[in-house]
There are 2 protein chains.
Amino acid sequence: MEKVSENRCFGGTQGVYRHKSAATGTDMTFAVYLPPDAEAGPVPVLWYLSGLTCTHENAMTKAGAQQWAAETGLALIFPDTSPRGDDVADDEAYDLGKGAGFYVNATEQPWAKHFKMWDYITKDLPDLVFAEFPLDRGAQGITGHSMGGHGALTLAMTLPETYRSVSAFAPIAHPSESDWGRKQLGAYLGEDRAAWAPHDATLLMREKGYPGEVLIDQGSSDQFLDLLKPEALAEAMMARRQPGAFRMQEGYDHSYFFVHSFIEDHLIWHAERLGG
Amino acid sequence: MEKVSENRCFGGTQGVYRHKSAATGTDMTFAVYLPPDAEAGPVPVLWYLSGLTCTHENAMTKAGAQQWAAETGLALIFPDTSPRGDDVADDEAYDLGKGAGFYVNATEQPWAKHFKMWDYITKDLPDLVFAEFPLDRGAQGITGHSMGGHGALTLAMTLPETYRSVSAFAPIAHPSESDWGRKQLGAYLGEDRAAWAPHDATLLMREKGYPGEVLIDQGSSDQFLDLLKPEALAEAMMARRQPGAFRMQEGYDHSYFFVHSFIEDHLIWHAERLGG
């Protein structure tokens, strides 16, 4: 693991690091915020998964999360959203290929070689960060924005023993029925929709839900509401009596100004459940 | 004035606008954050001046200021740091020309035609924003980072009746004696150092000070300490018994992670003095 940068922030350290990932077969860059409490021993961890076109950097610089991580004693991990590099397959569209990994293990060409973001987030990067930083592997939560909200929800519902708290900002809530989903899941996983189901939060919510409370925030002026389909997930959530809250925040759009406005609530939410 | 974007943020509105500036003779882009209180009538204003290479966008997205502006009822204005455009003079160096206006009115060629940032900040942009937004012209404060901290301090000491509160993050504190200053003040104002003195915070502090308290934060691990020269300004400040505080924050560097970490203190500082 190579250190790219470290900056003092709210009494803790915001670091950026690079490592060789076995899962993706590429170098990967990620960011870790360690709160002041980490000086005294392992702290709980919140994974933050970002959206289309993002890298490790967007949320690290724009979400204002470190303030509340410092206050609640949570570490934050900001992974990249796809493999990168000259030999990594890509597409001209912003929503396929680099910056658009969708948190799945691709099985189709030309994506299968490097686009193993599910394994990267659940195995490869955890093995590294739990070895390198003072983090409590038994106290992990997960959140994310847009495509990253999709990732957070699908990962948490699939691996609830790993992710003991979950929330999302404006998640892609029903990708099987959206142009943010059909195209990508088809490209990465093939046209058999059975392979898509484990990567659709609405379908997972209908099938199994999550053994804890789920917090979702969505802006009512989001320019991508037609693609996100919050109504599908909210319906599935309430139909199964899933504990938690689906909040429609009046006037907010899809930007980081929205995420920033509610990040405090989410960090406190996770800290209360992870014992931060 | 043309609206570029508006985003809901902490219950208020983060807007970006473009206008034709008489001072610079160019189009200029700036950002305004209006807190929720602005719906009920004019609110106090804090000017935030940015540093070298920045635009209106850096602090708007990275400083985390809106949260505290909403809470304290302050509006924020984020101007650009120089004129822009194909016909605007520039230099290959990052610290001269575009993105490096230094908040002066240039008198020398090729800069004199467009580089009138002092007039832009003190006359042109105020006339526009006080006409267009619910802002209290009698309740203005000013702050800034690095080159913008230099701008904030020099403007406030020169026009204390306009700027009723002042603070700075890691300001360029003594440009007459720094490579961040000699080069630019020489280029913009000529080689007569008498023209530089009104644009050197340390010299102004020695000569006149500020009729109120001054708050300055500086990181002890700032990679540009040799260029910023905080010791010169601190010495001048304490020698004249200038009320206020010069704080050396252990371990922080020059980045926005530093600004973000202390923005709450600064917004509360200004709100207390402006009646936000």
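A quick note: this is a predicted structure, and the numbers were derived from the prediction, not measured. Residue numbering note: each chain is counted from 1, following its sequence as written. For naming, the first written chain is A and the first written ligand is 1, with later ones following in the order written. Given that the model is predicted, a residue must reach a pLDDT of at least 70 before its local features are reported, and side-chain atom pairs must reach 80 or more before they are shown or counted; all residues, however, enter totals for whole chains, interfaces and linings. Think of the side-chain values as coming from all heavy atoms in the structure, minus any hydrogens and water.

**Student:** Explain the overall build of chain A to me, please; I cannot follow it from the model alone.
**Tutor:** Helix and strand content of chain A: nine helices and nine strands. Its C-alpha atoms give chain A a radius of gyration of 17 Å, within 12% of the compact-globule value 19 Å for 276 residues. Projected onto the principal axes, the alpha-carbon positions of chain A cover approximately 50 × 45 × 35 Å. Looking at chain A as a whole, 63% of its 276 residues are labelled buried. Here, residues are in contact when the closest pair of their heavy atoms is within 4.5 Å. Considering only residue pairs separated by 6 or more positions, chain A has 72% of its internal contacts joining residues 24 or more positions apart. For the accessible areas, the method is Shrake-Rupley and the probe is 1.4 Å, while residue cover comes only from the protein chains on display. Here chain A has roughly 9800 Å² of accessible surface; of this, 47% comes from carbon and sulfur atoms. Residues scored as charged are limited to Lys and Arg (positive) and Asp and Glu (negative), so that His and the chain ends carry no count. Charge placement uses NZ in Lys and CZ in Arg. For Asp and Glu, CG and CD serve respectively. Charged side chains in chain A number 22 positive and 38 negative. The centres of these two groups are separated by 3 Å. Secondary structure follows DSSP: runs of H or I at least 4 residues long count as helices, runs of E at least 2 residues long count as strands, and numbering of each begins at the N terminus. Two things to know: the radius of gyration comes from C-alpha atoms, and the globule rule equals 2.2 Å times the number of residues to the power 0.38. Only protein chains enter the accessibility calculation, which uses a 1.4 Å probe; a residue whose area is less than 20% of its type maximum is buried, one above 50% is exposed, and one in between is partly exposed.

**Student:** Where do I start with the interface of chain A and chain B in this structure?
**Tutor:** By convention, interface size is frequently given as the accessible area that disappears when the constituent parts associate. Opposite the 24 residues of chain A that make contact, chain B presents 24 residues. Across the chain A to chain B interface the summed buried area is about 1900 Å²; carbon plus sulfur atoms make up 55%. For the chain A face of the interface with chain B, the top three residues by lost area are A:Arg8, A:Phe257 and A:His260, together amounting to 33%. By salt bridge we mean one thing: a side-chain nitrogen of Lys or Arg within 4 Å of a carboxyl oxygen of Asp or Glu. Here chain A and chain B share zero salt bridges between them. With five residues, helix α9 (residues 256-274) of chain A is the single largest residue contributor to the side of chain A that touches chain B. As a working definition, buried area equals the accessible area (1.4 Å probe) given up by two parts on being put together, with both sides summed.

**Student:** How should I be thinking about the confidence of the model for chain A in this particular structure?
**Tutor:** Regions with low pLDDT should not have their predicted coordinates read in detail. How sure the predictor is of each residue is captured by pLDDT, a score from 0 to 100. When the pLDDT values of chain A are averaged, the result is 97; 100% of them are 70 or greater. Reported for the predicted complex are a pTM of 0.88 and an ipTM of 0.78.

**Student:** Explain the packing of helix α2 (residues 65-72) of chain A against α9(A) to me, please; I cannot follow it from the model alone.
**Tutor:** Packed helix pairs are specified by the crossing angle of their axes together with the interaxial distance, meaning the distance between the axes. Residue and element names in this part refer to chain A. Every axis corresponds to a line fitted to the C-alpha atoms, with the helix fit spanning only the stretch in contact, and the corresponding angles, defined between N-to-C directions, vary from 0 to 180 degrees. For the pair α2 and α9, interaxial distance at closest approach is 9 Å and the crossing angle is 30°. In terms of orientation, α2 and α9 fall into the roughly parallel class. α2 and α9 meet at a crossing whose hand is right-handed. On α9, the residues that touch Ala 65, Trp 68, Ala 69 and Thr 72 of α2 are Ile 263, Glu 264, Leu 267, Ile 268 and Ala 271. In terms of residue class, the contact of α2 with α9 is built from seven nonpolar, one polar and one charged. Angular relationships are summarised with four words: roughly parallel below 35 degrees, roughly antiparallel beyond 145, roughly perpendicular across 65 to 115, and oblique for the angles in between. By convention, the crossing between two helices is left-handed when the near helix turns anticlockwise from the far helix through less than a right angle, and right-handed when the turn is clockwise. Nonpolar residues are Ala, Val, Leu, Ile, Met, Phe, Trp, Tyr, Cys and Pro. Charged residues are Asp, Glu, Lys and Arg, and all others, Gly as well, are polar.

**Student:** Sorry if this is basic, but what is going on with the sheet that holds strand β4 (residues 43-49) of chain B here?
**Tutor:** Within a sheet, neighbouring strands are paired by backbone hydrogen bonds and run either parallel or antiparallel to one another. Residue and element names in this part refer to chain B. Pairs of strands are assigned from DSSP output, requiring at least two bridges between the strands. Taken in spatial order, the nine strands of this open sheet run β1-β2-β3-β5-β4-β6-β7-β8-β9, and their pairing is mixed. Since the sheet does not close on itself, it has two edges, and those belong to β1 (2-9) and β9 (244-249), each with one partner. The mean inter-strand angle of the sheet, taken between neighbouring strand axes irrespective of direction, is 20°. Of the strand pairs in this sheet, strand β7 (residues 163-169) and strand β8 (residues 214-219) are connected by four bridges, and their pairing is parallel. In the sheet register, Phe 169 faces β8, and the bridge partner there is Asp 217. Across the sheet, helix α8 (residues 230-239) touches β8 and β9, and the angle it forms with β9 is around 150°.

**Student:** Quick question: what am I supposed to make of the relation of the copies chain A and chain B here?
**Tutor:** Superposition of the two copies of the chain requires a rotation about an axis together with a shift along that axis. With an RMSD of 0.0 Å, the fit of chain A onto chain B corresponds to turning through 180° and sliding 0.0 Å along the axis. Read as a symmetry element, the transformation amounts to a two-fold axis. The fraction of interface residues of chain A whose copies in chain B are also interface residues reaches 100%, indicating that both copies meet through the same surface. Copy-to-copy alignment: least squares on C-alpha atoms, limited to residues at pLDDT 70 or above in both.

**Student:** Even after reading the chapter, I still don't get helix α3 (residues 117-132) of chain B, so can you show me in this structure?
**Tutor:** Two residues of an α-helix separated by three or four positions point the same way, owing to the 3.6 residues in each turn. Fitting axes to the seven residues ending at a residue and to the seven starting there, one defines the bend at that residue as the angle between these axes. At B:Leu125, α3(B) shows its largest bend, some 40°, and a proline, B:Pro126, comes one to four positions later. Among the residues of α3(B), those classed as buried are B:Met117, B:Trp118, B:Tyr120, B:Ile121, B:Thr122, B:Asp124, B:Leu125, B:Pro126, B:Leu128, B:Val129 and B:Phe130.

**Student:** Please clarify how the environment of A:Ser221 should be interpreted in this entry.
**Tutor:** Residues and elements named next belong to chain A. Considering the arrangement of structural elements, one finds Ser 221 in the loop between β8 (214-219) and α7 (225-228). Judged by relative accessible area, which is 40%, Ser 221 ranks as partly exposed. Between the C-alpha atom of Ser 221 and that of Gln 249, which follows or precedes it by 28 residues, the distance is 8.5 Å. Once residues lying within four places of it in the same chain are set aside, the contact partners of Ser 221 are Gly 251, Tyr 252 and Asp 253.

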